[in-house]
Amino acid sequence: MNLDANIPEGPIEQKWTNAKFKYKLVNPANKRKYSVIVVGSGLAGAGAAATLGELGYNVKCFCYQDSPRRAHSIAAQGGINAAKNYQNDGDSIFRLFYDTVKGGDFRSREANVYRLAEVSNNIIDQCVAQGVPFAREYGGMLDNRSFGGAQVSRTFYARGQTGQQLLLGAYHSLSRQIGLGQVKMYNRHEMLDVVLIDGVAKGIITRNLVTGKIDRWAADAVVLATGGYSTVFFLSTNAAGCNVTAAWRAHRRGAGFANPCYTQIHPTCIPQEGEHQSKLTLMSESLRNDGRVWVPKSKDVAKKVRLGEMKPSDVAEEDRDYYLERKYPSFGNLAPRDISSRAAKEACDDGRGVAPTGFGVFLDFADAINRLGKHVIEERYGNLFDMYENITGVNAYEQPMQIYPAPHYTMGGLWVDYNLMTSIPGLFAAGECNFSDHGANRLGASALMQGLADGYFVVPYAVGNYLGSEVPIGKAGKIDINDPAFAEAEDAVRSKIDKMLSIKGHSSPRSIHIELGKIMINHCGMARDADGLKEAISMIRDLRQRFWKDLKLPGSSHELNIELERAGRVADHLEFAELMCYDALDRDESCGGHFRVEHQTEEGEATRDDENFSHVSVWEFKGLDQPPQKHAEPLVFDYVKPGVRSYK
Amino acid sequence: MALSGLVLVGFVCGHMLGNLQMFLHSDWINEYAYKLQHLPYGLLWVVRTVMLIAVVAHVITAVMLVLENHRARPEKYVARDTLQASFASRTMRYTGFILFFFIIFHLMHFTIQNVHPEFKDLEVRLEGVSGSHGSLESRTIWGVYDKLSAHGEFPESEALAVHDVYSMVAIGFSPTYWYVSVFYIISMGLLCYHLMHGISSMFQSLGLRNAIWRVRLDRIALVISLVVFVGFASIPVACLTGLIEPITPLVAVH
Amino acid sequence: MSERNISITLKVWRQKDADSAGAFETYRMESVSTSSSFLEMLDLLNEQLIEEDKDPIAFDHDCREGICGMCSLVINGIPHGKNKLQTTCQLHMRSFRDGDTITIEPYRSKPFPVTRDLVVDRTPMDTIMQAGGYVTQRIGAAQDANALPISKELADKAMDAAACIGCGACVAVCPNASAMLFTSAKVSQLNMLPQGKPEKDRRALRMVGAMDAAGFGNCTNIGECEAACPKGISLDFIARMNRDYAVASVKQFLGMVGSV
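Residues numbered from 1 in each chain as written. Chains lettered and ligands numbered in written order. Predicted model: local features only at pLDDT ≥ 70, side-chain atom pairs only at ≥ 80, totals over all residues. Heavy atoms only, no water.

## Quick look at unusual backbone geometry
Residues and elements named next belong to chain A.
Move 1: Positive phi, normally seen in glycine, also occurs at Asp 105, with a value near 55°.
Move 2: Along the chain, Asp 105 turns up in the loop between helix H4 (93–103) and helix H5 (110–130).
Move 3: A positive phi angle, close to 45°, is found at Arg 159, a residue other than glycine.
Move 4: The topology assignment puts Arg 159 in the loop between strand S4 (155–156) and helix H6 (162–180). (Helix = DSSP H or I, 4+ residues; strand = E, 2+ residues; numbered from the N terminus.)

## What about the sheet that holds strand S15 (residues 401–410) of chain A?
All names here are of chain A.
Move 1: Taken together, 5 strands build an open sheet; the order of strands is S11-S15-S14-S12-S13 and the sheet is antiparallel. Two strands close off the open sheet at either side, each with one partner strand: strand S11 (263–269) and strand S13 (320–321).
Move 2: Two elements, strand S12 (residues 292–296) and S13, share 2 bridges in a ladder whose sense is antiparallel. Across the sheet, the residue bridging to Pro 296 is Arg 320, located in S13.
Move 3: Most of the contacts of helix H10 (residues 337–352) go to S11, to which it runs at about 70°, and overall it touches S11, S12, S13, strand S14 (361–364) and S15. (Pairing = 2+ DSSP bridges. Contact = heavy atoms within 4.5 Å. Axes fitted to C-alpha atoms, helices over the stretch in contact; angles between N-to-C directions.)

## Overview of the packing of helix H8 (residues 299–306) of chain A against H10 of chain A
All names here are of chain A.
Move 1: The contact between H8 and H10 brings their axes to 10 Å, and the two run at 90°. Judged on the interaxial angle alone, H10 and H8 are roughly perpendicular. Residue-level inspection shows Lys 299, Ala 302 and Arg 306 of H8 in contact with H10, the latter providing Asp 350, Gly 351 and Arg 352.
Move 2: Grouping the constituent residues of the contact of H8 with H10 by class yields 1 nonpolar, 1 polar and 4 charged. (Parallel < 35°, antiparallel > 145°, perpendicular 65-115°, else oblique. Nonpolar A, V, L, I, M, F, W, Y, C, P; charged D, E, K, R; others polar.)

## Observations concerning the interface of chain C and chain A
Move 1: Contacts between the two partners involve 80 residues from chain C, matched on the other side by 80 residues from chain A.
Move 2: Measuring nitrogen to oxygen at the nearest pair gives 3.7 Å for the salt bridge that ties Asp 43 of chain C to Arg 510 of chain A.
Move 3: At the surface where chain C touches chain A, the tally comes to 49 residue pairs in polar contact (both at pLDDT 80 or more).
Move 4: For the side of chain C that touches chain A, the elements supplying multiple residues, two or more each, are helix H1 (38–51), strand S6 (114–116), strand S7 (119–120), helix H2 (123–132), helix H3 (152–162) and helix H5 (180–192) of chain C.
Move 5: The element contributing the most residues to the side of chain C that touches chain A is H3 of chain C, with 8 residues. (Salt bridge = Lys/Arg side-chain N within 4 Å of Asp/Glu carboxyl O. Polar contact = N/O pair within 3.5 Å; in protein donor to acceptor, adjacent residues only side chain to side chain.)

## Quick word on the interface of chain C and chain B
Move 1: Facing the 42 residues of chain C at the interface are 30 residues of chain B.
Move 2: Interface area for chain C against chain B, summed over the two sides, is near 2900 Å², with a carbon-plus-sulfur share of 48%.
Move 3: Three residues stand out in chain C for area buried against chain B, namely Arg 108, Asn 221 and Asp 236 of chain C, and they jointly supply 19% of the buried area on that side.
Move 4: Between Arg 214 of chain B and Glu 226 of chain C there is a salt bridge, with the nearest N and O atoms lying 2.8 Å from each other.
Move 5: For the pair chain C and chain B, the interface holds 27 residue pairs in polar contact (both at pLDDT 80 or more).
Move 6: If you list the elements that add at least two residues to the side of chain C that touches chain B, you get strand S1 (5–14), strand S5 (101–105), helix H4 (169–173), helix H7 (224–228) and helix H8 (236–253) of chain C.
Move 7: With 5 residues, the top contributor of residues to the side of chain C that touches chain B is H8 of chain C.
Move 8: Partitioning the side of chain C that touches chain B into residue classes produces 20 nonpolar, 13 polar and 9 charged. (Buried area = accessible area lost by both parts, 1.4 Å probe.)

## What to know about the arrangement of the chains
Move 1: Of all 2 pairs of chains sharing an interface, the pair with the highest contact count is chains A and C.
Move 2: The two partners chain A and chain B share no contact, and the minimum distance between any of their C-alpha atoms is 20 Å.

## Considerations on the domain arrangement of chain C
All names here are of chain C.
Move 1: We note that the domain assignment places domain 1 (5–116) and domain 2 (122–253) within chain C.
Move 2: Here domain 1 and domain 2 have C-alpha centroids that lie 29 Å from each other.
Move 3: Run the count over domain 1 and domain 2 and you get 1 salt bridge.
Move 4: Linking domain 1 to domain 2 there are 5 residue pairs in polar contact (both at pLDDT 80 or more).
Move 5: Of the residues assigned to the side of domain 1 that touches domain 2, the class counts are 10 nonpolar, 7 polar and 2 charged. (Domains from an automatic or database assignment.)

## Structural notes on the side chain of Asn 69 of chain B
Move 1: Of note, Asn 69 of chain B is situated in helix H3 (residues 43–72).
Move 2: Judged by its relative accessible area of 3%, Asn 69 of chain B is buried. (Buried < 20%, exposed > 50% of the residue type's maximum accessible area, 1.4 Å probe, protein only.)

## Concerning the pattern of salt bridges
All names here are of chain A.
Move 1: Scanning all chains against the criterion turns up 69 salt bridges over all chains.
Move 2: Its salt-bridge partner being Glu 575, residue Arg 252 comes within 2.8 Å of it at the nearest N-O pair. Taken together, the residues span a long stretch of sequence, with Arg 252 in helix H7 (residues 245–252) and Glu 575 in helix H17 (residues 562–586) at a distance of 323 residues.
Move 3: Among the salt bridges present, the one from Arg 320 reaches Asp 364, with a minimum N-O distance of 3.3 Å. Of this pair, Arg 320 sits in strand S13 while Asp 364 sits in strand S14, and the two are 44 residues apart along the sequence.
Move 4: For Arg 320, a relative accessible area of 10% translates into the label buried.
Move 5: By relative accessible area, which is 8% here, Asp 364 ends up buried.
Move 6: Here the salt bridges share partners, and the residues they tie into one network are Asp 105, Arg 107, Arg 587, Glu 589, Arg 608 and Asp 610.

## What about the nonpolar core?
All names here are of chain A.
Move 1: Counting residues in each nonpolar core, the largest one holds 212 residues, and the members touching the most others are Ile 80, Phe 134, Leu 467 and Met 520.
Move 2: Setting aside chain neighbours within four positions, we find Met 520 in contact with Val 232, Phe 233, Gly 525, Ile 540, Ala 577, Met 580 and Cys 581.
Move 3: Of all hydrophobic cores here, the second largest spans 36 residues; its members include Phe 331, Tyr 388, Tyr 397 and Tyr 647. (Core = buried A, V, L, I, M, F, W, Y, C linked by side-chain atoms within 4.5 Å.)

## Things to note about a negative patch on the surface
Move 1: Together, Glu 378, Glu 379, Asp 386, Glu 389 and Glu 398 of chain A give the surface a local cluster of negative charge.
Move 2: Here Glu 389 of chain A is to be found in helix H12 (residues 374–392). (Patch = residues over 30% accessible without salt bridge, like charges linked within 9 Å, V, L, I, M, F, W, Y side chains within 5 Å. Areas by Shrake-Rupley, 256 points an atom, 1.4 Å probe, with all protein chains shown as cover. Lys, Arg positive; Asp, Glu negative; His and termini not counted. Charge placed at Lys NZ, Arg CZ, Asp CG, Glu CD.)

## So, the sheet that holds strand S19 (residues 629–634) of chain A
All names here are of chain A.
Move 1: In space, the 4 strands of this open sheet follow the order S16-S10-S18-S19, with antiparallel pairing throughout. If you trace the sheet from one side to the other, it starts and ends with strand S16 (413–414) and S19, each paired once.
Move 2: Alignment of strand S10 (residues 257–258) against S16, held across 2 bridges, turns out to be antiparallel. Across the sheet, Ala 258 pairs through a bridge with Gly 413, a residue of S16.
Move 3: Contacting S10, strand S18 (615–620) and S19, H17 runs over the sheet at an angle of about 145° to S18.

## Comments concerning the packing of aromatic side chains
Any aromatic ring pair is given by two values, namely how distant the centres are and how the planes are angled relative to each other.
Move 1: If you walk through the whole model with that rule in mind, you get 43 aromatic pairs over all chains.
Move 2: Taken together, a centroid distance of 5.0 Å and an interplanar angle of 65° make the contact between Phe 365 of chain A and Phe 385 of chain A edge-to-face. Here Phe 385 of chain A lies in helix H12 and Phe 365 of chain A lies in the loop between S14 and helix H11 (366–372), a separation of 20 residues in the sequence.
Move 3: Taking the relative accessible area as the measure of exposure, Phe 365 of chain A reaches 1% and is therefore buried.
Move 4: The rings of Phe 102, Phe 105, Phe 110, Phe 119, Phe 173, Phe 183 and Tyr 184 of chain B are connected pair by pair, giving a single aromatic cluster.
Move 5: We note Arg 216 of chain B situated over the ring of Trp 213 of chain B; from NZ or CZ to the ring centre the distance is 4.9 Å. (Phe/Tyr/Trp six-rings, centres within 6.5 Å; stacked < 30°, edge-to-face > 60°. Lys NZ or Arg CZ within 6 Å of the ring centre and 35° of its normal.)

Right under this line is the structure:
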């Protein structure tokens, strides 16, 4: 597997400029002859499709939803970072770069992160030009806030709906290109395989979710922007439809999968309530600016609270453990996500959790309400308090909120080089579905930044370079969908579907997904250990076997069949989950969102092992009955020296 | 819809003001009616044509609207519920439909007078219509028309026999024909409803409102609608209760 | 978080595909937790149906937190149910009582044909957007974001309009199946911001044109859309679009707007 990251020459500030200069250009008259497929219509997908369309390429864009506007980027609440330094508080491209590398626990590639910080400013300019209604100050300038533990105010936001507004901005641009005929949009199409001709990505196979029709699509380059795999945990903050299928299919075709064990657990979600639950709801992290996190000091008090024998507000001040403030005095309740999440888990594992299930901690606004007045809190978080009450039936102005960490984002993903190309030539990965920029932990308000950076500013150049240098104009757009490679891929897709429908067992896809989720959250969640991971691998194998023996699917493949869709996604999760555990087992250190209980300080802090694990683990698929093969891309730090990530 | 509605609302308001002269001396409305009938330059037919066009346009657009909207939802919901739509807004097509027949009846009743052909024979003498503009001018404002038509078609006589509109209305709404009055009052209630939504809707459709003016215009629409209702309905009520009585009894004509 | 269990009866519209005739079917559900969401209740019903070898009910959903706009459903005659400012996925079973009968229908309108059961095709809304729901500009060619000051009041107002999630509840609830609220929210957002001003007239004409061409009904200013909108988009935006459209039409008549 070729893992040359193709990092451009020169000092880090010059790398992107140099790369762009060296990129091959395609003659404007020739661009329309090249066809590009973009899978996914979130920030990265819609951004890339729109920009490639604007540039003049012949683009096809696919999404499984009924409209490209519904991609899950839309759900991001908090904001988007950029190194504009509009607040004059000492921010800079280098500081954003530095914070991101440090926040990622020194497990990301410096050159990529620097580029991300560099283009972050263009993103804000671009979004404003599109008419994104960012929050503003009375003077008409853009407003910023501090977010997710950053010590500068560099987060731009649009109420609590920043993701929505940014996605709609990209959707506007995409809609314009669709209207102009530059981009052809295929809604309710799910990508089920990548087609390789002579080892090069030349197309995809999709299923029309309405009619069940399997189609072949050819292109000179394929861009995957298909999001993360948090739904491997079943319960996550991701949309119900999010899945790993596209990335996993690409992996099975030869694309390296990097750091699958890096998953982010978001600390402020509403705790799970019962077995019926289908998803966990995230409460914006901004709540931690004014809320104080605590659990009772003693297990007895916690038990009384759980059983409803004692009201939270009746717990005396001296009986409360504001554990984040205690452990991390300088960051307090704003400690980074992985640290806050783990601290909550520790408290609950200690028997001091407060939700009925025992897995929940308090986020208390009583102090803030006393200090600032209820109206201020209402103004700042009114919609979140309403949302909380709607879901839980509890008024958080009177009783503290209960929160618990939930799977939220996945830093791991398809391995890509500096040009966002996977280890399959011609196959690009953008946004959450690649592993590129966040290392082992993502900072708040950086996901939107990365999605748009990849979509608007990297993929369009990089794809152009690939086409210009690797696909001769004489061959542009001349791929034959009757090529045996297409037939083979289509047959594989069909036979998998037919096989699933023919089992006629007893387990519904949802029930198996729930079981998988439990295995993953218990063994490969916030805390992992070698024995647990080994056990998980064998449990996943058993479950996978059961899936293929006992699956029960209604209906046929020639119709809108929601259970068939679900089953296909669960099948891929069942394969992917095993890889995730392999990676977690192999990475015998703690870093960022990956916490191995074997590797912690006496105080319970994660300890990295830079000597042995300062690399990207890239996995190669070797068949289901074989363990995956690991490759390593060493990480070199020339600008940010790895240190202990301390938030004390 | 909104533009024709605007014309019709203007007409309704003017018509109501004219009618309210029923509560003054009978000469007011009789002279007013006479002079409307004898507007110079054929203005009467100009106005009648404009009104006809407005009504026809209003009806045609309404029918088109209903048909198009019907086509936009070929399959209806089985469960029905309403959130905030006013009763008035949901019943525009029905109130409008009934008002259409009201207008036809109203024209046959008092304008064409083929409901009561004997109304044609009601006559009253008006003093001093033209010439010196003497006594009448001091009682009515309509003397202004005389200046327009001082050399026009008004007869030179000191007294003039004109159609006794006052008595026609008083008889038309008399307790004998109580059901006619009831129909009128109900129709005016429907008109009130129709306007309540229609007037505020007119501003919305023309884009002539915003967050600030929204409430104000809704209130203005409400006030106009109620005034129109009270104004129009007061006349049949007055006739039914004997407050207004014919000056020429119908029997006298026979 | 007081949790109870209730029993309910569901009357659900079932339709095999766009070409088949549909009908209601009745299902009984025992012990539904009041803390579960409406869609979770349907998830469980589907599990029950699979168990009984029946076809599960197809319905649209994705984010399940009220922002993607994918969930639809007309619940007891009201899209997204009767609670204010909520999508179906945010509706919880505690809004219902033990023994309730709940009727679930798909969005009904000609431009949104039923695809299956409760799933409808809402692509005409995308078509309206493609006609003019954007600012014409090139990605990568923008000036500095703060070079164009925009007053907070205006930015907030634009955000009010931009909050639309494109779920189509306005169309579904409108007795006329009109898409005016959806269209006007987008026209207003872009027309009121300085970035969108240069193509204001063209946008109004094109988007309204696309809306009419799609076969939506006409607005009779009833206001149900505003009440059903899970994001509280105001009727005032419709007035605003009417104004923009009227001005643009006059300008077009006078030859002041280029080809549309």
